[in-house]
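Notes for the structure review
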Amino acid sequence: KKKNVNATNTYELNGTTVIDSSRNLTNIAAATIAGNVLINGAHDNNGNAKLAVESGTTYSQISFYGDQVQLGNTSMNYNFKIHTDGGGAKLQAWNSDITIGSQGSNSGSASGRNIIFKPQISGTAVSTERMRLRGEDGILEIGAGLGGLVIDSGGNKDTVEGRRYNWYLHGMGTQTGYFKIWSFF
């Protein structure tokens, strides 16, 4: 037989309020939840979302702000955010550089890793590699595997002015050029 508990103001456990008079959970140090957590009327994406937060607006945002990870709408303050709007998906930092990279353990035998750009192509909408920055040697390939442009900076990132860059178009051999870097400051 089921039994009901009726609390007129709060629900307490061992003298500590755990549900206040507005039906908010309070003083919960940890929770084990079996099943999906849906907040503010969110849906579970056909059972695939284990945690979902309804932002209350058309576009949602994940913000990293101080020591917090926040889920909500695009009006939140942020140090770094991932969000969507009418212009598409965006990664943005507030008044800060953004570093994109990969890192592994320093075992002495770690392999170089690449940064690969794979936009959606027209027609089939397949994600296709269009640019690769090679971690092994710092060479930037544009149109990799497609007979595109390859730029080799020579690996010296400290001396830029008057640097020699080797470049080639697939099937044309190596070309050499010098680039002057201008400063406006």
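Residues numbered from 1 in each chain as written. Predicted model: local features only at pLDDT ≥ 70, side-chain atom pairs only at ≥ 80, totals over all residues. Heavy atoms only, no water.

1. Observations regarding the layout of surface pockets
Of the pockets and cavities examined, the largest pocket occupies roughly 220 Å³. Along its surface, the largest pocket is lined by 14 residues, and Val-53, Ser-60, Gln-61, Leu-71 and Gly-72 are the ones closest to its centre. Looking at the lining of the largest pocket residue by residue, the classes come out as seven nonpolar, six polar and one charged. (1 Å grid on protein atoms, 1.4 Å probe; cavity = no way out; pocket = protein on both sides within 12 Å on 5 of 7 lines; lining within 4 Å. Points joined across faces, edges and corners; volume = space filled by probe spheres on them. Nonpolar A, V, L, I, M, F, W, Y, C, P; charged D, E, K, R; others polar.)

2. A short note on a nonpolar patch on the surface
Taken together, the side chains of Ile-39, Leu-51, Ile-62, Phe-64, Val-69, Leu-71, Ile-82 and Leu-91 make up a nonpolar region of the molecular surface, amounting to roughly 690 Å² of accessible area. For the nonpolar patch, the secondary-structure elements that each account for two or more residues are strand E5 (60-65) and strand E6 (68-73). With respect to the helices and strands, the residue Val-69 is situated in strand E6. Judged by its relative accessible area of 58%, Val-69 is exposed. (Patch = residues over 30% accessible without salt bridge, like charges linked within 9 Å, V, L, I, M, F, W, Y side chains within 5 Å. Areas by Shrake-Rupley, 256 points an atom, 1.4 Å probe, with all protein chains shown as cover. Salt bridge = Lys/Arg side-chain N within 4 Å of Asp/Glu carboxyl O. Helix = DSSP H or I, 4+ residues; strand = E, 2+ residues; numbered from the N terminus. Buried < 20%, exposed > 50% of the residue type's maximum accessible area, 1.4 Å probe, protein only.)

3. Considerations on the sheet that holds strand E8 (residues 88-93)
In space, the four strands of this open sheet follow the order E6-E5-E7-E8, with antiparallel pairing throughout. Each edge of the open sheet carries a strand with a single partner, namely E6 and E8. Sheet twist, expressed as the mean angle between neighbouring strand axes with direction ignored, is 20°. Pairing of E5 with strand E7 (residues 80-85) involves four bridges; the strand directions are antiparallel. Of the residues in E7, the one forming a bridge with Gln-61 is His-83. (Pairing = 2+ DSSP bridges. Axes fitted to C-alpha atoms, helices over the stretch in contact; angles between N-to-C directions.)

4. So, the packing of aromatic side chains
Tallied over the entire structure, the rule returns two aromatic pairs. For the ring pair Phe-64 and Phe-80, a centre distance of 6.1 Å and an interplane angle of 40° mean the geometry is tilted. Of this pair, Phe-64 sits in strand E5 while Phe-80 sits in strand E7, and the two are 16 residues apart along the sequence. On the basis of an interplanar angle of 85° and a centroid distance of 5.9 Å, the ring pair of Tyr-78 and Trp-94 is categorised as edge-to-face. Placement of the pair is Tyr-78 in the loop between E6 and E7 and Trp-94 in the loop between E8 and strand E9 (115-117), with a sequence separation of 16 residues. (Phe/Tyr/Trp six-rings, centres within 6.5 Å; stacked < 30°, edge-to-face > 60°.)

5. Things to note about unusual backbone geometry
Positive phi, normally seen in glycine, also occurs at Arg-23, with a value near 70°. Examined against the element boundaries, Arg-23 turns out to sit in the loop between strand E2 (16-19) and strand E3 (37-39). On the basis of relative accessible area, Arg-23 is assigned to the exposed category, the value being 72%. Phi is positive for Asn-27, which is not a glycine, with a value near 55°. Of note, Asn-27 is situated in the loop between E2 and E3.

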